[in-house]
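Chain residues, written in single-letter form:
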Amino acid sequence: MAEPILKVANIETYYGPIMAIRGVSCDVPHGGIVTILGANGAGKTTVLKTICGVMDPQKGSVIFEGREIQRMDPDKIMRLGIGHVPEGREVFPFLTVRENLRMGAYTRRDPDGVAQDLETVFGYFPVLKERADQRAGSLSGGEQQMLAISRALMARPRLMLLDEPSLGLSPKLVSEIFDIVVRINRERGVTILLVEQNANMALKVADFGYVLEVGRIVMADTCARLLEKEDIKEFYLGIKEQGARGQRRWKKRKTWR
Amino acid sequence: MATRATDPCGRTGRKLAIFLQLTLNGLAVGCIYGLVALGFVLIYKATELVNFAQGDLLMLGAFVTFMGVVWWELDYWVAFFIAIVVVSAFGALLDATVLRRVIGQPQFAVVMLTIGLGAMFRTFASVTWGSEIYTLPTPFSGVTVIGGVTLSHQYLSIVAGTLLLCGVLYAFFTHTRIGIAMQATSQNQLAAYYMGIPVKLIFSLIWAISAGTAVVAGVLLAPVTLIDINMGLAVALKAFAAAVLGGFGSIPGALVGGIIIGLIELYAGATLPEGFKDTAPYIVLLLMLAVRPQGLFGTLARKKV
Ligand SMILES: Nc1ncnc2c1ncn2[C@@H]1O[C@H](COP(=O)(O)OP(=O)(O)O)[C@@H](O)[C@H]1O
Ligand SMILES: [Mg+2]
């Protein structure tokens with residue numbers, strides 16, 4: 001197999017004295033979609049923050065396109081080609097949608113390419129074009145998520161980190177957004193690392209998945225095979241024995257929609 | 001309300017003239033408070049630091065201009081320009097060397113630090129330029145009389161200068177890439193990092209702009225209050241009140257707050273007994289905060305930087 005675009009090796013990350021990530025390793029192959037599943041508090045966001053440079057790991061390494069990036073500043077890592085769609089969207093609330101997108105292209109110096117990409121993201125999410133001159137803070141949660149994805153795309157990243165894009169959105173919106181994520185991956189060749197609690201959606205779009213529990217990877221397999229595993233069905237999809245006894249084991253469900 | 005009723009020739013026309021004059025002067029003084037308040041707000045919105053040395057940057061700007069005009073016999077505008085450049089650069093340097101280290105520290109540490117820096121600037125000024133009171137010769141010494149209203153050019157120049165500066169800043173913050181990036185950084189620092197915006201450089205630029213704004217305020221104010229090492233203190237205190245009145249964090253609020261405080265001060269000085277001139281703005285502030293604790297433009301109306 002070819003060298004992965006991103007290789008995370010044995011990282012340990014702390015919040016003060018609290019060890020949040022306890023030796024996580026994962027590979028993201030060129031052009032693939034990889035997902036990391038985990039319940040609330042498992043450490044998914046911390047893994048992404050460690051990759052994008054907002055947090056430094058105490059141990060381990062993060063290698064992007066053959067280069068160690070684990071101690072670099074986030075703006076530098078971003079310039080290397082890693083886009084980040086953070087948890088909670090983090091749009092600039094008092095800037096317009098268009099200004100937000102322009103900020104996504106802040107590091108670029110090719111106005112023609114930027115204008116072209118603006119049209120591309122408006123093509124992916126036509127609602128953003130309608131709201132182009134509205135303040136981002138006035139958008140709905142789903143629209144803000146679309147904006148956050150588009151804003152990251154404006155930098156033309158080769159790897160995009162997505163932190164729970166489905167959080168707080170209706171199932172219909174979630175599948176709409178995931179369709180676009182897949183298109184971005186296929187059409188623009190952007191490699192995707194998707195972190196999710198919503199295992200159902202994530203396993204459908206991704207090729208390979210990791211399961212994170214309390215800061216450790218406890219399972220790693222192709223998504224097709226993960227979907228068949230009893231533990232995954234029970235803890236992440238909440239479908240075990242459903243129907244057999246005519247009751248949903250709702251107490252065991254980990255994902256609330 | 002604008003003039004004492006004992007005036008023997010108290011015809012309404014004359015009263016009106018005095019009222020208009022007071023209004024112009026109040027507006028002008030208010031513009032100065034507004035500009036200094038703007039400096040407070042810009043820095044606070046971006047870095048969450050409150051810079052109590054803002055008034056002393058104003059004083060430094062006035063002194064550098066004075067030194068250029070009187071000691072080196074430079075043209076007023078040249079000296080003014082040099083002062084803006086020098087003090088802005090100093091503001092940026094201050095951020096890059098000292099203040100960056102205290103971001104995220106408890107507010108009282110920051111407050112103490114900036115108060116201390118202000119005291120150092122005053123000491124530096126008294127050693128360098130002396131502690132007398134100086135007059136800055138300006139091109140704005142004349143008056144224009146329109147229909148019995150005497151408009152002094154000193155005050156007119158303050159209002160015009162403030163309008164011009166605000167226009168330039170507005171255009172900069174809304175129409176340039178770096179200006180919009182400053183707004184973005186003020187609104188969400190983490191997301192700014194994710195966009196590859198050089199956040200630290202942006203902070204230094206914001207300090208430079210705040211310091212430059214203080215210089216403009218100081219030089220415009222110099223003919224009115226004269227120049228001395230303590231000129232920034234009283235102004236900064238009122239400007240701080242103006243920023244709070246406007247809802248600390250709102251730029252239009254800072255300017256409107258400044259103008260309100262300037263007008264109250266002048267009207268109170270003309271109509272109320274001695275001593276109320278300096279108290280009235282705080283009384284109004286107190287009443288306003290009791291009714292609307294978030295300030296005039298607080299929370300909801302925040303928009304620019
Ligand atoms: N700022 C923080 N300070 C201290 N502990 C934190 C902080 N953020 C997260 N944690 C802890 O780190 C662990 C992982 O958090 P996080 O990465 O946010 O999980 P997830 O994104 O999977 O919900 C949790 O136990 C959480 O309590
Ligand atoms: Mg999270």
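Structure shown above.
Definitions and limits used
Residues numbered from 1 in each chain as written. Chains lettered and ligands numbered in written order. Predicted model: local features only at pLDDT ≥ 70, side-chain atom pairs only at ≥ 80, totals over all residues. Heavy atoms only, no water. Helix = DSSP H or I, 4+ residues; strand = E, 2+ residues; numbered from the N terminus. Rg over C-alpha atoms; globule rule 2.2 N^0.38 Å. Buried < 20%, exposed > 50% of the residue type's maximum accessible area, 1.4 Å probe, protein only. Contact = heavy atoms within 4.5 Å. Areas by Shrake-Rupley, 256 points an atom, 1.4 Å probe, with all protein chains shown as cover. Lys, Arg positive; Asp, Glu negative; His and termini not counted. Charge placed at Lys NZ, Arg CZ, Asp CG, Glu CD. Near = heavy atom within 4 Å. Polar contact = N/O pair within 3.5 Å; in protein donor to acceptor, adjacent residues only side chain to side chain. Nonpolar A, V, L, I, M, F, W, Y, C, P; charged D, E, K, R; others polar. Core = buried A, V, L, I, M, F, W, Y, C linked by side-chain atoms within 4.5 Å. Pairing = 2+ DSSP bridges. Patch = residues over 30% accessible without salt bridge, like charges linked within 9 Å, V, L, I, M, F, W, Y side chains within 5 Å. Salt bridge = Lys/Arg side-chain N within 4 Å of Asp/Glu carboxyl O. Donors = N, O, S within 2.8 Å, 3.2 Å for Na, K, Ca; no water. Axes fitted to C-alpha atoms, helices over the stretch in contact; angles between N-to-C directions. Buried area = accessible area lost by both parts, 1.4 Å probe.

A. Here's a closer look at the overall build of chain B. Helix and strand counts for chain B come out as 11 helices and 2 strands. When the helices and strands of chain B are read in sequence order from the N terminus, they spell out α-α-α-α-β-β-α-α-α-α-α-α-α. In summary, chain B has a C-alpha radius of gyration of 20 Å against a globular reference of 19 Å for 305 residues, a match within 12%. Seen through its principal axes, chain B has C-alpha atoms that stretch 70 × 50 × 35 Å. Among the 305 residues that make up chain B, the fraction classed as buried is 53%. Counting contacts in chain B only where the partners sit at least 6 residues apart, residues at least 24 apart contribute 75% of the total. Looking at chain B as shown, the accessible area adds up to about 13,200 Å², and 71% of this sits on carbon and sulfur atoms. Looking at chain B, you have 16 positive and 11 negative side-chain charges, and the mean spots of the two groups are 14 Å apart.

B. The site of ligand 1, seen in detail. Residue and element names in this part refer to chain A. Tyr15, Ala20, Ala39, Asn40, Gly41, Ala42, Gly43, Lys44, Thr45 and Thr46 make up every residue found near ligand 1. Within the backbone of Gly41, an N or O atom sits 2.7 Å from an oxygen atom of ligand 1. Within the backbone of Ala42, one N or O atom sits 3.3 Å away from an oxygen atom of ligand 1. Tallying contributions element by element places helix 1 (residues 44-52) first for the shell around ligand 1, with 3 residues. Of the residues in the shell around ligand 1, the class split is 4 nonpolar, 5 polar and 1 charged.

C. Representation of the nonpolar core within the structure. In this structure, Leu6, Ile51, Met103 and Leu193 of chain A together with Phe63, Ile197 and Ile227 of chain B are the most contacted members of the largest nonpolar core, which totals 133 residues. Of all the elements, helix 1 (residues 12-47) of chain B adds the most residues to this core, at 17 residues. Every residue in contact with Leu6 of chain A, bar those within four places of it in the chain, is listed here: Cys26, Asp27, Val28, Ile51, Val62, Ile63, Phe64, Leu159 and Leu193 of chain A. With 50 residues, the next largest nonpolar core counts Leu147, Ala206, Cys223 and Ile232 of chain A among its residues.

D. Here's a closer look at the pairing of strand 9 (residues 208-213) of chain A. Residue and element names in this part refer to chain A. Relative to strand 9, strand 3 (residues 33-38) is paired through 5 bridges, and the arrangement is parallel. Counted as the bridge partner of Ile36 is Tyr210 from strand 9. Direction of pairing for strand 9 relative to strand 10 (residues 216-222): antiparallel, over a ladder of 6 bridges. Within strand 10, the residue paired with Val211 across the bridge is Met219. From the end of strand 9 to the start of strand 10, which pair antiparallel, there are 2 residues, and Val214 there has a positive phi angle of about 40°.

E. Fine view of a nonpolar patch on the surface. All names here are of chain B. Side chains of Val70, Trp71, Trp72, Leu74, Val78, Phe81, Ile82, Val85 and Val86 sit close together on the surface and give an oily, nonpolar patch of about 810 Å² of accessible area. Among the secondary structure elements, those contributing two or more residues to the nonpolar patch are helix 2 (54-71) and helix 3 (76-97). Broken down by element, the nonpolar patch gets its largest block of residues, 5 residues, from helix 3.

F. Region of interest: the coordination of the magnesium ion (ligand 2). Distances from the magnesium ion (ligand 2) to its protein donors, Thr45 of chain A (OG1) and Glu87 of chain A (OE), fall within 1.9 to 2.3 Å. In this pair, Thr45 of chain A sits in helix 1 while Glu87 of chain A sits in the loop between strand 6 (82-85) and helix 3 (97-104), placing the two residues 42 residues apart along the sequence.

G. Inspection of the sheet that holds strand 9 of chain A at higher detail. All names here are of chain A. Taken in spatial order, the 6 strands line up as 6-7-8-3-9-10 in an open sheet, and their pairing is mixed. Edge positions in the open sheet fall to strand 6 and strand 10, since each of these has one partner strand only. Each strand of the sheet is rotated relative to its neighbour by a mean of 15°, with strand direction disregarded. Two elements, strand 7 (residues 159-163) and strand 8 (residues 191-196), share 5 bridges in a ladder whose sense is parallel. Residue pairing across strands places Leu162 opposite Leu194, the latter belonging to strand 8. Of the strands in this sheet, strand 6 and strand 7 touch helix 6 (residues 141-153), which is tilted by about 170° from strand 6.

H. Molecular detail of the sheet that holds strand 4 (residues 59-64) of chain A. Residues and elements named next belong to chain A. Overall, antiparallel pairing links the 4 strands, which are arranged 2-1-4-5 in an open sheet. If you trace the sheet from one side to the other, it starts and ends with strand 2 (18-28) and strand 5 (67-68), each paired once. Relative to strand 4, strand 1 (residues 6-15) is paired through 5 bridges, and the arrangement is antiparallel. Across the sheet, the residue bridging to Glu12 is Lys59, located in strand 4. Running over the sheet, helix 1 touches strand 1, strand 2 and strand 4 and is turned about 110° from strand 1.

I. Up close: the interface of chain B and chain A. With 20 residues of chain B in contact, the opposing surface of chain A contributes 24 residues. Buried area between chain B and chain A, both sides added, is near 2,100 Å², and the carbon and sulfur share of it is 62%. For chain B, the biggest contributors to the area lost against chain A are Arg177, Tyr194 and Met195 of chain B; these three give 36% of the whole. At the boundary of chain B and chain A, one finds 0 salt bridges. Counting across the interface, chain B meets chain A through 4 residue pairs in polar contact (both at pLDDT 80 or more). At the level of elements, helix 6 (177-187) and helix 7 (189-194) of chain B are the ones that each hand at least two residues to the side of chain B that touches chain A. By residue number, the principal contributor to the side of chain B that touches chain A is helix 6 of chain B, which donates 7 residues. Residues of the side of chain B that touches chain A, tallied by class, amount to 12 nonpolar, 5 polar and 3 charged.

Remember that the coordinates give geometry; whether it matters functionally is a separate question.
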